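# Structural characterization, general
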Amino acid sequence: MQAYEFINNLIPPLKLSDKVRLALNWMEEIRTDILPVVDDSRFMGFVTEDLVFSINNPETRIAEVSLENISCFVYQDKHIYDVIKVASEYHSNMIAVVDRENNYIGVVTMEDAISAFADSLSIQSNGAVLVLSMNMTDYSLFEIARVIESENTKILSSFISSDPLDDSKIKLTLKLDKTELRHVKATLERFGYRILDHFQEEEGISGEQERIDNLFRFLQI
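This text gives an overview of the structure that appears in the document.

### So, the packing of aromatic side chains
- Scanning the model with the defined rule gives 4 aromatic pairs in all.
- Ring geometry for Phe-43 against Tyr-104: centres 6.5 Å apart, planes inclined by 15°, an arrangement best described as stacked. Residue Phe-43 is located in strand E3 (residues 42-48), and its partner Tyr-104 is located in strand E6 (residues 104-109); the two are separated by 61 residues in the primary sequence.
- For Tyr-104, a relative accessible area of 15% gives the class buried.
- Plain terms: the ring middles of Phe-73 and Tyr-75 are 6.0 Å apart, the flat faces sit at 80° to each other, and that makes the pair edge-to-face.
- Under the relative-accessibility criterion, Tyr-75 is labelled partly exposed at 24%.
- Counting every residue linked through ring pairs, the aromatic cluster contains Phe-43, Phe-46, Phe-73, Tyr-75 and Tyr-104.
- Here Arg-100 stacks its cationic end above the ring of Tyr-75, 4.1 Å away from the centre of that ring.

So, in structure tokens, the structure goes:
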């Protein structure tokens, strides 16, 4: 699940010598609002649709444009988790990938990263999602798994995030292998765990958009 595995080869990089007109043509052709800029194999940043539209002269060279997100990149051997983290930090739907000598390799789109992340977190597996709130000092996945497995249910994957409503707590999101949560919820609550939310799978729903929707619900973004 390294970053280079998900490079989108359909997105070409602009050069500093290219003109704004070319950027607009490429954006329209490949249906994107952002493109990477490279100079002598070095990633220089991104040019966005809003940026090029603000320039009145389509003959302006990219070298004259103030590029955005010049640090929005990951090394090729970084995990797909790091790709999503950097994208979130820079609010970008495209992340550059470079080697350890900082040579540009390509870009990963957020759409591709989300699909990969969803696969890694067992989003497509049948089951349900539980969201718990707790102090970090009380977190023990071993103990939580023991409680859940007492109801003949297994944890397929887990994800920790900060609780935006309480800095002292974390949110633990669990993907379980069962769709019926009544007994699991009751047992967790009996052991003192606080359940913030749950999502139970509905039959007959499929498709790429539903996968992405499930991922966002899973991560509680």
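### Quick look at the pairing of strand E8 (residues 155-162)
- With 7 bridges connecting them, E8 and strand E9 (residues 169-176) associate as antiparallel partners. The residue of E9 that forms the bridge with Ser-161 is Lys-171.
- Where E8 folds back onto E9 in an antiparallel hairpin, the turn is made up of 6 residues.

### Some remarks on helix H1 (residues 20-30)
- Along H1, the residues that are buried comprise Val-20, Ala-23 and Met-27. The arc that holds the buried residues of H1, viewed along the axis, is 55°, so those residues lie on one side. H1 presents Glu-28 and Glu-29 as exposed residues on the side facing more than 90 degrees away from its buried surface.
- Each element contacted by the buried residues of H1 is listed here: strand E1 (14-15), strand E2 (34-39), E3 and helix H2 (49-53).
- The positive-phi residue at the C-terminal boundary of H1 is Arg-31, with phi of around 60°.

### Description of the packing of helix H5 (residues 141-149) against helix H6 (residues 182-190)
- At a closest axis distance of 9 Å, the pairing of H5 and H6 adopts a crossing angle of 130°. As the angle between them shows, H5 and H6 are arranged oblique. You can see that H5 and H6 cross each other, and the crossing is right-handed. Here H5 contributes Ile-144, Val-147 and Ile-148 to the contact with H6, which in turn contributes Val-184, Thr-187 and Leu-188.
- Grouping the amino acids of the contact of H5 with H6 by side-chain chemistry returns 5 nonpolar, 1 polar and no charged.

Definitions and cut-offs
Residues numbered from 1 in each chain as written. Predicted model: local features only at pLDDT ≥ 70, side-chain atom pairs only at ≥ 80, totals over all residues. Heavy atoms only, no water. Phe/Tyr/Trp six-rings, centres within 6.5 Å; stacked < 30°, edge-to-face > 60°. Helix = DSSP H or I, 4+ residues; strand = E, 2+ residues; numbered from the N terminus. Buried < 20%, exposed > 50% of the residue type's maximum accessible area, 1.4 Å probe, protein only. Lys NZ or Arg CZ within 6 Å of the ring centre and 35° of its normal. Pairing = 2+ DSSP bridges. Arc of directions from axis to C-beta. Contact = heavy atoms within 4.5 Å. Axes fitted to C-alpha atoms, helices over the stretch in contact; angles between N-to-C directions. Parallel < 35°, antiparallel > 145°, perpendicular 65-115°, else oblique. Left-handed = near helix turned anticlockwise from the far one by under 90°. Nonpolar A, V, L, I, M, F, W, Y, C, P; charged D, E, K, R; others polar.

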